[in-house]
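Reading the structure
If you want the building blocks of each chain, they are given just below.
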Amino acid sequence: MSPSADQRRGGLIELYREVSSCTRCRLHEGRTKAVFGAGDAGADLMFIGEAPGAEEDRQGLPFVGRAGQLLNELLAGIELRRDDVFVANILKSRPPGNRDPQPDEIEACWPYLERQIQLIEPRVIATLGNFATKKITGSQVGITRVRGTPQVHELAGRTVFVFPVLHPAAALRTPSLAETLREDFAKLPGLLREPLPELEPPADAAMDPVAARPDPASQLDLFG
Ligand code: URA
């Protein structure tokens with residue numbers, strides 16, 4: 001059964017607190033603020049980027065720099081606002097100098113993203129750029145080959161559409177890519193209406209009844 005709106009928000013608030021004080025990897029030493037993610041706790045559409053940049057680290061919010069502005073414009077192009085979706089990253093803390101995330105950092109942070117997916121229960125996860133796409137699809141095939149075509153995956157015990165798109169920062173560097181991004185975003189409303197196909201449950205599914213289902217918790221209003 002799906003969690004109620006209050007359970008989702010309560011669970012996310014609890015997780016937010018955990019992430020804010022997380023010391024599981026070295027990145028906590030250099031961050032200003034952890035960047036948990038933000039948006040609608042019950043969003044059908046979730047975006048996953050790579051890691052916070054400098055502005056995100058300062059504000060504690062995802063995609064608030066120039067790439068975030070472009071993301072807002074792309075969403076407006078399909079009549080969505082940031083409040084309608086949930087935006088998160090693979091890593092919750094900024095790597096120094098925006099270097100690539102290291103395998104142990106990804107491993108330390110991955111359970112947080114899994115719990116976010118379990119609580120939010122998105123139908124579509126749009127991966128932003130090469131890094132998030134490879135991690136989420138579990139494939140080394142690069143973004144330029146897979147962008148704009150939905151895939152079906154089992155993530156955090158749930159079947160979801162994964163929809164890889166270019167990272168908005170790529171379109172800031174190479175403006176001609178903005179049109180490709182717009183074309184791919186235009187496919188999202190149709191994908192959100194599509195029924196999710198069934199995936200074969202893994203053999204041990206019965207032993208894992210989504211352990212992270214939240215208790216009704218705090219009434220703080222951080223997530224819509
Ligand atoms: N790039 C990302 O991948 N994530 C952010 O939050 C900002 C920029």
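Quantities reported herein were computed from a predicted structural model and do not represent experimental measurements.

Thresholds applied
Residues numbered from 1 in each chain as written. Predicted model: local features only at pLDDT ≥ 70, side-chain atom pairs only at ≥ 80, totals over all residues. Heavy atoms only, no water. 1 Å grid on protein atoms, 1.4 Å probe; cavity = no way out; pocket = protein on both sides within 12 Å on 5 of 7 lines; lining within 4 Å. Points joined across faces, edges and corners; volume = space filled by probe spheres on them. Helix = DSSP H or I, 4+ residues; strand = E, 2+ residues; numbered from the N terminus. Nonpolar A, V, L, I, M, F, W, Y, C, P; charged D, E, K, R; others polar. Salt bridge = Lys/Arg side-chain N within 4 Å of Asp/Glu carboxyl O. Buried < 20%, exposed > 50% of the residue type's maximum accessible area, 1.4 Å probe, protein only. Near = heavy atom within 4 Å. Polar contact = N/O pair within 3.5 Å; in protein donor to acceptor, adjacent residues only side chain to side chain. Areas by Shrake-Rupley, 256 points an atom, 1.4 Å probe, with all protein chains shown as cover. Sits in = over half its atoms within 2 Å of the grid points. Pairing = 2+ DSSP bridges. Contact = heavy atoms within 4.5 Å. Axes fitted to C-alpha atoms, helices over the stretch in contact; angles between N-to-C directions. Phe/Tyr/Trp six-rings, centres within 6.5 Å; stacked < 30°, edge-to-face > 60°. Lys NZ or Arg CZ within 6 Å of the ring centre and 35° of its normal. Expected span 1.5 Å × (residues − 1).

This part is about the layout of surface pockets. By rolling a water-sized probe across the atoms, one finds the places where empty space is left. By volume, the largest pocket amounts to about 500 Å³. Lining the largest pocket are 22 residues, and of these E50, A51, A67, H167 and A169 lie nearest its centre. Elements that contribute at least two residues to the lining of the largest pocket include exactly α3 (66-76), α5 (129-137) and α7 (168-173). Among the elements that take part in the lining of the largest pocket, α7 stands out by supplying four residues, more than any other. Considered class by class, the residues forming the lining of the largest pocket number ten nonpolar, seven polar and five charged.

Here we take up the pattern of salt bridges. Counting across every chain of the model gives 14 salt bridges. Between R24 and E18 there is a salt bridge, with the nearest N and O atoms lying 3.9 Å from each other. Residue class for R24 comes out partly exposed when judged on its relative accessible area of 43%. E18 sits in the partly exposed class, given a relative accessible area of 30%. Ionic contacts of the salt-bridge type, sharing partners, join the residues R26, R99, D104 and E105 into one network.

Contacts to the ligand come from G49, E50, A51, E56, P62, F63, N89 and H167. A distance of 3.0 Å is found between a nitrogen atom of the ligand and a backbone nitrogen or oxygen belonging to A51. A distance of 3.1 Å is found between an oxygen atom of the ligand and a backbone nitrogen or oxygen belonging to F63. For the ligand, whose accessible area on its own is 240 Å², the fraction buried by protein is 90%. With respect to the pocket detection grid, the ligand is positioned in the largest pocket. Grouping the constituent residues of the shell around the ligand by class yields three nonpolar, three polar and two charged.

All right, on to the sheet that holds strand β3 (residues 86-89) then. Strand order across the open sheet formed by six strands is β1-β3-β2-β4-β6-β5, with mixed pairing between neighbours. In this open sheet, the two edge strands, each paired with only one partner strand, are β1 (38-39) and β5 (151-155). Relative to strand β6 (residues 158-165), β5 is paired through five bridges, and the arrangement is antiparallel. Directly across from E154, in β6, lies its bridge partner T159. Helix α4 (residues 103-120) contacts β2 (45-49), β3, β4 (124-128), β5 and β6 of the sheet and is inclined by roughly 170° relative to β2.

We now examine the packing of aromatic side chains. Scanning the model with the defined rule gives two aromatic pairs in all. Consider the rings of Y16 and F36, whose centres lie 5.7 Å apart with planes at 85°: the pair is edge-to-face. Of this pair, Y16 sits in helix α1 (residues 5-20) while F36 sits in the loop between α1 and β1, and the two are 20 residues apart along the sequence. Of the residues examined, Y16 reaches a relative accessible area of 31% and is grouped as partly exposed. F36 gets classed as buried once you look at its relative accessible area, which sits at 1%. Taking 5.6 Å as the distance between ring centres and 15° as the angle between the ring planes, the aromatic pair formed by F47 and F185 counts as stacked. Of the two residues, F47 sits in strand β2 while F185 sits in helix α8 (residues 177-185), which places them 138 residues apart along the sequence. Look at F47 and you get buried, because its relative accessible area is 0%. Take F185: its relative accessible area is 1%, and that puts it in the buried class. The lysine or arginine in question, K135, covers the ring of W110, its NZ or CZ lying 4.5 Å from the ring centre.

A few words now on α1. Over its 16 residues, α1 extends 22 Å from the first C-alpha to the last, a length consistent with the 22 Å expected when each residue adds 1.5 Å. Among the residues of α1, those classed as buried are R8, R9, G10, G11, L12, I13, L15 and V19. Elements in contact with the buried residues of α1: β3 and α4.

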